[in-house]
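Chain residues, written in single-letter form:
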Amino acid sequence: ERGDAQTEPSSGKAASGKPRNLVKPAAIGGGALLVLGLAAIHLISFDGQIPQFEKALAGQFQQPVKIKALHLALVPGPHVRLDGVSIGAEGQIRVPTIRAGGSPGNLFGDKKAFKSIEMEAPVITEEGLGWILFGKRQAGDMAFGDVSAIGASLESKQISLPPLDAKLQFGGEGAWKTISIASADKNLEMLLTAKGQAAQLEIKARSFKVPFGSTLVLEDVVANGTADRTGIVLTDFKSFVHGGTLSGTARLKWGAVWSLAGEVAAKQIDTARVAPEVLGSARLEGTASYAMQASEAAKLFAWSHAEGSFTIPRGTLLGLDLGSVLQGGSTRGDTKFTELTGSFVHDQGATQLRQLRLIQANMSANGSIDIDAENRIRGRIAAELRLSTDLRRTSLSVTGTPAKLEWQR
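Residues numbered from 1 in each chain as written. Predicted model: local features only at pLDDT ≥ 70, side-chain atom pairs only at ≥ 80, totals over all residues. Heavy atoms only, no water.

A. View of the environment of A69. Positionally, A69 belongs in strand β1 (residues 65-73). Judged by its relative accessible area of 17%, A69 is buried. Residues A69 and F46, 23 residues apart in the sequence, show an inter-C-alpha distance of 7.7 Å. If we skip the residues at most four places from it in the chain, A69 touches D47, I50, R81, L82 and D83. (Helix = DSSP H or I, 4+ residues; strand = E, 2+ residues; numbered from the N terminus. Buried < 20%, exposed > 50% of the residue type's maximum accessible area, 1.4 Å probe, protein only. Contact = heavy atoms within 4.5 Å.)

Rendered as structure tokens:
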């Protein structure tokens, strides 16, 4: 009897445990089937819906659109993936992959509404960029929320930019409101705000190499202006260069002929960085207007014209001792001055320095210097030294290059 009492409970546990042991394998199997189903959707082609999407996108850009493949995905959220997208008869906008987030019903309905659009590594020509910024939009059969682009490249023979990330916010009727742009390293950042047929610009750059054939590199650039189909106008820009600041305006126009013009003001520029062979470290201030025009953007600075004036207080002229020369001594040495002023005209690589005037106590000098496109120098100065009982004068010519000046009486 004691043995029978012990066996009855154990047989009951065995009977009740069998159904419970089947639940876990069934759950695992169901989960596996679900995962396989989700994965399979990625592989299913929905190319039959491509014509609808091509028509909807064509309405947005008013340009022909081609799509190579179309898929539906549910991970990480429901979205349609478009592969090999080309906009424009000549592929002015090319996007390897577009992910359009929204209901799977977008695949089949005539009206398509997406919460977001993400483009991977789009390549955009100058003409395609014009369509995006200034093209006319129609509400059409497609509506979407914010648009982002990762690693976008501008295909241009005129301007070189690093790959950029962009975010576009849209308003009514498919028109964009703002576009924020940044390079991957955040060195360059831009904000565009729609303003009628133009766009307001805000630009920031930690380091910016001036394009169009210039070797100038600006630091901590801040600029504001507007852009339209014909060009860009910077109403003001500020930057650091050669230990000082450079500010001004710029008007860039493009087309069959490129042009760039504006005004600049320089403050606290370190002369030792500008002309190290001729001037010791001092601080230059000046203003200038500039204009350049060429058939290609890269040649603008080669055909530049600028004119202005400058002042350098308290500096050193290297390689010439004017005090010694005026007293009959050697030219070798340096000349300290309390002020050096002048005007200049720069045209197509050649520079004319005019109305040069150097002052140091009772000594002064006036003259002019020409520097040709090959950096060859030719000029003449007249100097005088006022003593209590005498006035001494001399005239000197200068030739050579900035690295090797030759002064002669």
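B. The pairing of strand β17 (residues 335-347), seen in detail. Of the pairings in the sheet, the one linking strand β16 (residues 304-317) to β17 comprises 12 bridges and is antiparallel in character. Note on β17: the bridge partner recorded for G308 is F344. Inspection of the sheet shows β17 paired to strand β18 (residues 350-360) by 8 bridges, in the antiparallel sense. By the bridge assignment, T341 is partnered in β18 with R357. (Pairing = 2+ DSSP bridges.)

C. How the structure looks around the confidence of the model for the protein chain. When the pLDDT values of the protein chain are averaged, the result is 88; 87% of them are 70 or greater. Predicted confidence is poor over residues 1-8, with pLDDT under 50, and the contacts of this stretch with residues over four places away or in other chains come to 0 contacts. Contacts from residues 10-15, a stretch scored under 50 in pLDDT, to residues over four places away or in other chains number 0 contacts. (pLDDT = per-residue confidence, 0-100.)

D. Region of the structure containing the environment of K115. Relative to the helices and strands, K115 resides in strand β4 (residues 112-120). In this structure, the C-alpha to C-alpha distance between K115 and G102, residues 13 residues apart in sequence, is 5.5 Å. Apart from residues no more than four positions distant in its own chain, K115 is found in contact with G101, G145 and D146.

E. Fine view of helix α2 (residues 50-61). For α2, which comprises 12 residues, the first-to-last C-alpha distance of 17 Å matches the rise-based estimate of 16 Å (1.5 Å per residue) to within 8%. Where α2 is buried, its residues meet β1, β2 (79-87), β3 (93-101), β4, α3 (126-134) and β6 (142-155). Phi turns positive one or two residues past the end of α2, at Q62, with a value near 55 degrees. (Expected span 1.5 Å × (residues − 1).)

F. Highlighting the nonpolar core. Judged by nonpolar contacts, the single largest core of 95 residues is most densely connected at F53, L82, L192 and L322. Counting residues per element, this core draws most heavily on α2, which supplies 5 residues. What L82 contacts, discounting residues up to four positions off in sequence, is F53, L57, I67, A69, L70, P96, T97 and I98. (Core = buried A, V, L, I, M, F, W, Y, C linked by side-chain atoms within 4.5 Å.)

G. Molecular detail of the packing of aromatic side chains. What the rule picks out here adds up to 3 aromatic pairs. Centroid distance F212 to W258: 6.3 Å. Interplanar angle 50 degrees. Geometry classified as tilted. Of the two residues, F212 is situated in the loop between β10 (198-209) and β11 (217-228) and W258 in strand β14 (residues 258-270); the sequence distance between them amounts to 46 residues. Taking the relative accessible area as the measure of exposure, F212 reaches 10% and is therefore buried. These aromatic residues form a ring-pair network of at least three members: F212, W254 and W258. (Phe/Tyr/Trp six-rings, centres within 6.5 Å; stacked < 30°, edge-to-face > 60°.)

H. Looking closely at the environment of S259. Mapped onto the elements, S259 comes out in strand β14. Measuring from C-alpha to C-alpha, the distance between S259 and A294 comes to 6.5 Å, with 35 residues separating the pair along the chain. Not counting the four nearest positions on each side in its chain, S259 is found in contact with R251, L252, K253, M292, Q293 and L300.

I. Region of the structure containing the pattern of salt bridges. The full count for this structure, using the stated rule, is 13 salt bridges. The shortest N-O distance in the salt bridge between E296 and K299 comes to 3.7 Å. The partner of R376 in a salt bridge is E374, with the nearest N and O atoms 3.4 Å apart. Linked through salt bridges whose partners overlap, the residues forming this network are D372, E374 and R376. (Salt bridge = Lys/Arg side-chain N within 4 Å of Asp/Glu carboxyl O.)

J. Main features of unusual backbone geometry. Phi is positive for A121, which is not a glycine, with a value near 50 degrees. On the accessibility criterion, A121 (36% relative accessible area) is partly exposed. Positive phi values are uncommon outside glycine, yet Q355 reaches one of about 55 degrees. When you line up the elements, Q355 lands in strand β18.

K. Molecular detail of the side chain of T351. Assignment of secondary structure puts T351 in strand β18. Classification of T351 by relative accessible area gives buried; the value is 18%. Discounting residues that sit within four places of it in the chain, T351 has contacts with V345, H346, I369, D370 and I371.

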